[in-house]
Amino acid sequence: MSAAAVTPTPAPARRRPRLGRLLLLRGQPRTVQVGATIVGALVLAAIFAPLLAPYDQNELDFSNLLAAPSPDHLFGTDDSGRDVFSRTLYGLRIDLAIVFFVTYAALPIGVVAGAVAGYFGGWVDAVISRIVDVMLAFPFIVLVIAIVAITGPGVKGVLIGVPLVGWALYARLARSEMLVMREQPFMLATTALGYSRRRAILRHAVPNLIRTSLIYSTLDLVVNLMLLASVSYLGLGAQPPNAELGSVIAQGQANLLDAWWVATLPGLVLVAFGVGVGLVGDGLSDGKLLRRGARA
Amino acid sequence: MKTTRWLTAGVLCAALGLTACGGSDNGGGGDAVAVEQIGAGGAAKNCTGKPVTGGTLVYSRGSETQSLDPITLRNGNGDIFATELVYQGLVRSDPTGKTQDLVGGVAEKLDVSDDGKTYTFTLRDGIKFGNGDPVTAEDVKFTLDRFGDPKINQVMSVVAGGYGSSKVVDDKTVEVKLKEPVASFLYNISIFPAFIVPKKAVEADEKAFFKKPYGTGPYMVDEFVRGSHVTFVRNPHYWEDGKPYLDKIRFNFASDSNSRMLAVKNGQAQIADGVPFSQINALNGDQKLSLQKAEVPLFVGMWMNHQRKELADKNVRQAMQHALNREQINQGIFRGVGTIPNSILPALKYDAPADQVPPYAYDVNKAKELMAKSGFPDGFSTTLQYPAGYDYYKQLGLLIQQQFGAIGIKVKLVEQESAEVTDRFNKSDYDLTFPYAQFTSDVVVPDEYATFVANSPDIDNFFTHWDSGEIGDMVAKFTTTPDEAERAKLWPEIQKAMLDESPVINVMNVPYVNVHGKDVCGTSINALGADHLEDSWMASQTAAKP
Amino acid sequence: MLGYLLHRLALAVVVLFGLAVATFLIMHLVPGDPVQQTLGSRATPESIAFAREQLGLDDSLLAQFWAFVSNAVTGDLGYSLTLNAPVAEVVGQRVEPSALLIGYALLVSVVVGIPLAVIAAWRPNGVVDHAIRLLTTFAFAMPAFWVGLMLALVFGLGLKWFPVSGYETGIGGMLRTLTLPAITLGLTLSTIVARTLRSSLIEVLKSEYVEAATSRGLSPRRVMVKHAMRNAIMPTLTVLSVNLGLLIGYSIVVEAVFQIPGLGSLLLQSVQRRDYEIVQAIALIAGTAVVAISLATDLVQASIDPRVRLGR
């Protein structure tokens, strides 16, 4: 029993995930539909930010500092008179691009590494697993700060740092699944049929492993979004003048008492995205997602 | 023939009868203005009547204290302001902050030889360290020798330049020999690396002593917890009668400005430093608080690398000066608390006032004319580096980008972690830069900065690679002229010539802004911005005592 | 079992060594001279050269690494230039707040997470279950620094129950200063605990022996407490241990929000000031904590469930 909780149940072994059906939301649980709608709306807003934003995100207006939300400025203005709504849209654009990139750049690498480790076992497994262990034991923030110090502040710290560590999570996930899967008839059959190991892993194992990882990745998206916001909060975020949600919030924090909107409204957008993604992932995994935890 | 100065009478220059020396009567831009209230609701209403003894003051501070050894400074003002409570130099910067002059400290009398190379100090009668031991000439010699040894005085070794040796004449008299005349010598030993420490205790166990040190200052360290707080208790042997008033002072470290403001608002602390400019208006509206600003040699210095041919062109540099809309910068970013500079350096002693050396006016047409005259009439592209984590640098970058853009200079903003900004600066790897998160002078006289910028070939004139020519010679003369009156005449000429050349740009003089609860009285800040809490008292103590 | 123990210990040492190499290399690849950084612009070249020599910074990287490792083994973590004190002393002062904060946060996550899980598992897919699921989704999507800020505003500034920032020692001081930070930090984890335990409970409640217990006439409460919980608690412990790394990461942010003088704030500051010695020491301590806890969890599991140790 206890082992089963950390060793993911093997994915249904025959099919690849049906992306088409997922996108159309047909036959999906209501939570998925609601979540996907929220995520979809935010993604569209991010993509079309240049069209939707009423102001230039960096336009300073010193005659209009910390103005409360109004029809002119839906989210008010910040302490440099910039339009918070426009900055939120642009910030969302950067954030989502980064978060999707770092999450899905790490995923395939991790799954393949995990599959290889699980398939071959022995010293290959030992080497990969130790690297994974080191990655997961490393205080992540040190890595991000160090990268920032090398590349200069900005999102590069997260862009490089998260995939560098993130793959290890997927590798660990895929490896333990692979350990179970390699004993299953369809995998044993690949050997019997004389398929190359490469084909066995890439064509047969990985597509099956990736489903669990994809579902898990919804959780990772939220974690990475929080990380990105936290890194910005610590002052290591996007290269100014460009907005990034974490930095917009962190900056607004100084004026929280007299201008609540600067930090609060972009924060709500951040939470909305997290909730949307969370609902999708949760629905897809039927509530079993969070149980594995962020670092399963 | 020696010049004798009695330091007990108060202001050193006054005793000498030098008119040019007291900054307060010539009204120059370099005057230290003592603590000034911002806003109408500011005056501390509860502070009427005489100071009362007792009470604890909690001070929420942005930069933490990392070293209590005045000679191994580690964290700028975090260390300096703590050591200023504990120790004193032979002479001190006027603790009231009303002038930029020196007053007596551990020494009460001073003789200077005519060649300006021998200083003889007579110690204050009956002065004692916090543990009750008398201060002797041995302690002074020990301290000054530490100060003069670049292996021990690593951080401020530049300031110790010219120090030769010290000799104990008798128990109360020390004779200091310089290798060459250093006009700013007294100013140099008025700051932390030359604070007098007890020889016996430091020699016995240096590490242990500096964990819980005492000196001749009004307070002694009671507890020092790195990263959290340092607490001070009254020095029972302090030499000024009746002072200090407070029983206890606690510095709480909080690097996040929001935490500091909240701490004062909910009464957890009575003073917080580093009020963010964007919060000035909001805090001003709070009747329970008062904002105070202190003019200090803090400035927004934009350094220029003259290895870039565009920036080596004087017309370009002057065009930049005229293109800066400082009024807008001051109102927009600094909420009006800044001062428009008439110098390329921070506001320092001997500075001529604005009617004698006028600041650059905001004049886009003039700037465009200068650009047309320059070697780059079509403009050029450049970069501006600045440290991350400071909102006002971010905003400033944006405004400068806009304002320089108007005269054809395209500025690319490069935000870097502050360690990286400084590192690149030290390697001359920059075009334009705000090299330090906090850019201040350590002494109130211009000697340090003028030498850095105009007469330091070994650091390429403070990494500007500026060809200072004649101005370098003027600075050399200024820094070796011991006569105060002569120096006061020389400096404005240098100030003017440097401003005309503008090898670097001072964008704005910026004060320290602190927020106080209304209960705190008598807080003075010296001309270097260090708090002198020996005069502070708590109004609530009046009520507590019948 | 002994063989397994030795095997796991050896692996842990390998991981820690890898961690030391990685930290050392990263910190030395980062541009920025620590001496120049610390001593500033008022130091003469002579002073700087002397300080570099004192720190051994002019030695080869290999020699520096060897010095670091050989000293670290004997417990000597080096000397911090930026703080002018031995690293062991500085780090030692900072361990307590961080360890207490993380421990307290774990406690919060269990105290909040377990009741939520039990209530949710009572009627799976009921209204309460859905409400809790939505609540945890929300809680998980809120950035830690944001939650901390809100708590400080409401309970610190508004109600004045707790100070808004800082740290005090002693039981009372700790409760006063660490409660809000621990709630902030524990919130994310409590959602994970609630979800994990809920699904484990549901699985266990469906299992045959629980059905047997129920059919024997035991009350549902007794079944939940005596049988279901006992079996569901192990996966929860595993999740807690697995998430320790995340918790350490977030603690840096929470320490920044509440200005707690712990390892996180020291780490952040030391990286920015290029204090190699301190960064290495903290990375090693954090890594050791993660490795040790996961080792302990594995060993507990292995001792309960022999399949685990045979499987590897």
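No experiment lies behind these values; they were computed from the predicted model shown.

## Here's the deal with the overall build of chain A
Looking only at helices and strands, one finds 12 helices and 0 strands in chain A. Secondary structure elements of chain A occur, N-terminal to C-terminal, as α-α-α-α-α-α-α-α-α-α-α-α. Relative to its 296 residues, chain A shows a buried fraction of 59%.

## Quick notes on the overall build of chain C
Each helix and strand in chain C was counted, giving 14 helices and 2 strands. In terms of principal-axis extent, the alpha carbons of chain C reach across some 85 × 55 × 30 Å. Looking at chain C as a whole, 50% of its 312 residues are labelled buried. A sequence separation of at least 24 residues applies to 73% of the contacts in chain C between residues at least 6 apart.

## A few points about the sheet that holds strand β18 (residues 432-433) of chain B
Residue and element names in this part refer to chain B. Spatial ordering of the open sheet is given by β17-β16-β18-β15-β19, a layout of 5 strands whose pairing is mixed. Of all the strands in the sheet, the pair left with one neighbour each is β17 (409-416) and β19 (505-509). Judged from the 4 bridges that link them, strand β15 (residues 299-304) and β19 form a sheet pairing that is antiparallel. Each residue of the ladder has a partner; that of V300, found in β19, is M508. Together, β15, β16 (380-387), β17 and β18 form the strand contacts of helix α14 (residues 418-426), whose direction differs from that of β16 by roughly 130 degrees.

## Quick look at the interface of chain A and chain B
Each partner contributes to the interface: chain A provides 19 residues, whereas chain B provides 22 residues. Every element with two or more residues in the side of chain A that touches chain B is listed here: α7 (140-151) and α11 (245-253) of chain A.

## Details of the packing of helix α11 (residues 244-258) of chain C against helix α12 (residues 263-272) of chain C
Residue and element names in this part refer to chain C. Running from amino to carboxyl end, α11 crosses α12 at an angle of 90 degrees, the nearest separation of the two axes being 7 Å. The orientation of α11 relative to α12 falls into the category roughly perpendicular. Contacts from S251, I252, E255 and A256 of α11 reach α12 at G264, S265, L267 and L268.

## Focus on the nonpolar core
By size, the foremost hydrophobic cluster in this structure holds 339 residues, and its most contacted members are F138 of chain A together with V253 and I282 of chain C. Not counting the four nearest positions on each side in its chain, V253 of chain C is found in contact with S230, Y233 and L234 of chain A together with A144 and F145 of chain C.

## Topic: the pairing of β16 of chain B
Residue and element names in this part refer to chain B. Of the strand pairs in this sheet, β16 and β17 are connected by 8 bridges, and their pairing is parallel. If you follow T383 over to β17, its bridge partner there is K412. Handedness of the crossover is the feature at issue here: the chain leaves β16, passes through helix α13 (residues 391-405), returns alongside β17, and the resulting connection is right-handed. Inspection of the sheet shows β16 paired to β18 by 2 bridges, in the parallel sense. By the bridge assignment for β18, L384 is matched with L432.

## Quick notes on α12 of chain C
Burial runs high along α12 of chain C: 9 of the 10 residues are buried. Those residues of α12 of chain C that fall on the buried side of the exposure criterion are L263, G264, S265, L266, L267, L268, S270, V271 and Q272 of chain C.

## So, the packing of helix α8 (residues 156-181) of chain A against helix α10 (residues 197-233) of chain A
Residue and element names in this part refer to chain A. Interhelical geometry of α8 versus α10 gives an angle of 150 degrees and a closest axis separation of 10 Å. Put simply, α8 runs roughly antiparallel to α10. In this structure, α8 meets α10 at a crossing whose hand is right-handed. Contacts between α8 and α10 pair G157, V158, V162, G166, L169, Y170, L173, A174, E177, M178 and M181 from the former with A205, N208, L209, T212, S213, Y216, D220, N224, L227, L228 and V231 from the latter. Across the contact of α8 with α10, the residue classes break down as 14 nonpolar, 6 polar and 2 charged.

## Details of the pairing of strand β7 (residues 118-123) of chain B
Residues and elements named next belong to chain B. Looking at chain direction, strand β6 (residues 107-113) and β7 are connected through 5 bridges and run antiparallel. Its bridge partner lying in β7, D111 is registered against T120. In this structure, the hairpin formed by β6 and β7 is closed by a connection of 4 residues, where G116 is found at a positive phi of approximately 70 degrees. The pairing of β7 with strand β9 (residues 173-178) spans 5 bridges and is antiparallel.

## Topic: helix α6 (residues 127-140) of chain C
With 14 residues, α6 of chain C should cover 20 Å at 1.5 Å per step; its first-to-last C-alpha distance of 20 Å lies within 8% of that length. Within α6 of chain C, the full set of buried residues consists of I132, R133, T136, T137, A139 and F140 of chain C. Down the axis of α6 of chain C, the buried set is contained in an arc of 165 degrees. They therefore lie on one face. Exposed positions of α6 of chain C whose direction lies more than 90 degrees from the buried face are V127 and A131 of chain C. Where α6 of chain C is buried, its residues meet α10 and α12 (260-284) of chain A together with α5 (87-122) and α8 (170-206) of chain C.

## Considerations on the environment of K156 of chain A
Residues and elements named next belong to chain A. In this structure, K156 sits in helix α8. The sequence separation of K156 and V144 amounts to 12 residues, and the corresponding C-alpha distance is 8.5 Å. Once residues lying within four places of it in the same chain are set aside, the contact partners of K156 are I147 and T151.

## Things to note about the confidence of the model for chain A
Residues and elements named next belong to chain A. Across chain A, the average pLDDT comes to 78, with 80% of residues at 70 or higher. This model gives residues 1-17 a pLDDT under 50, and the stretch forms 32 contacts once residues within four places in sequence are excluded. Here residues 287-296 is a poorly scored stretch, pLDDT under 50, and it has 38 contacts once near neighbours within four places are set aside; other chains count.

## Let's talk about the environment of W491 of chain B
Residue and element names in this part refer to chain B. Along the chain, W491 turns up in helix α18 (residues 484-501). Along the backbone, W491 and T479 are 12 residues apart, and their C-alpha atoms lie at a distance of 9.7 Å. Not counting residues up to four positions away in its chain, the partners in contact with W491 are Y350, P446 and F478.

## Examining the confidence of the model for chain C
Residues and elements named next belong to chain C. Looking at chain C, pLDDT values average 81 and 94% of them are 70 or higher. Per-element mean pLDDT across chain C ranges from 54 in helix α14 (residues 306-311) up to 89 in α5. The ipTM for the predicted assembly is 0.75, set against a pTM of 0.81.

## Thoughts on unusual backbone geometry
All names here are of chain B. Geometrically, the link from K243 to P244 is a cis peptide bond, its omega value of -5 degrees lying close to zero. With respect to the helices and strands, the residue P244 is situated in the loop between β11 (229-234) and β12 (248-253). Residue D460 is not a glycine yet carries a positive backbone phi of 50 degrees. Locating D460 in the fold gives a position in helix α16 (residues 460-463). Residue class for D460 comes out partly exposed when judged on the 14 C-beta atoms lying within 10 Å of it. Even without glycine at this site, F463 takes up a positive phi of about 60 degrees. Residue F463 is classed as buried on the basis of its 26 C-beta neighbours within 10 Å.

Rules of the game
- Residues numbered from 1 in each chain as written.
- Chains lettered and ligands numbered in written order.
- Predicted model: local features only at pLDDT ≥ 70, side-chain atom pairs only at ≥ 80, totals over all residues.
- Helix = DSSP H or I, 4+ residues; strand = E, 2+ residues; numbered from the N terminus.
- Buried ≥ 20, exposed ≤ 12 C-beta atoms within 10 Å, placed from the backbone.
- Contact = placed C-beta atoms within 7 Å.
- Pairing = 2+ DSSP bridges.
- Axes fitted to C-alpha atoms, helices over the stretch in contact; angles between N-to-C directions.
- Parallel < 35°, antiparallel > 145°, perpendicular 65-115°, else oblique.
- Core = buried A, V, L, I, M, F, W, Y, C linked by C-beta atoms within 7 Å.
- Right-handed = clockwise from strand over helix to strand, strands pointing away.
- Left-handed = near helix turned anticlockwise from the far one by under 90°.
- Nonpolar A, V, L, I, M, F, W, Y, C, P; charged D, E, K, R; others polar.
- Expected span 1.5 Å × (residues − 1).
- Arc of directions from axis to C-beta.
- pLDDT = per-residue confidence, 0-100.

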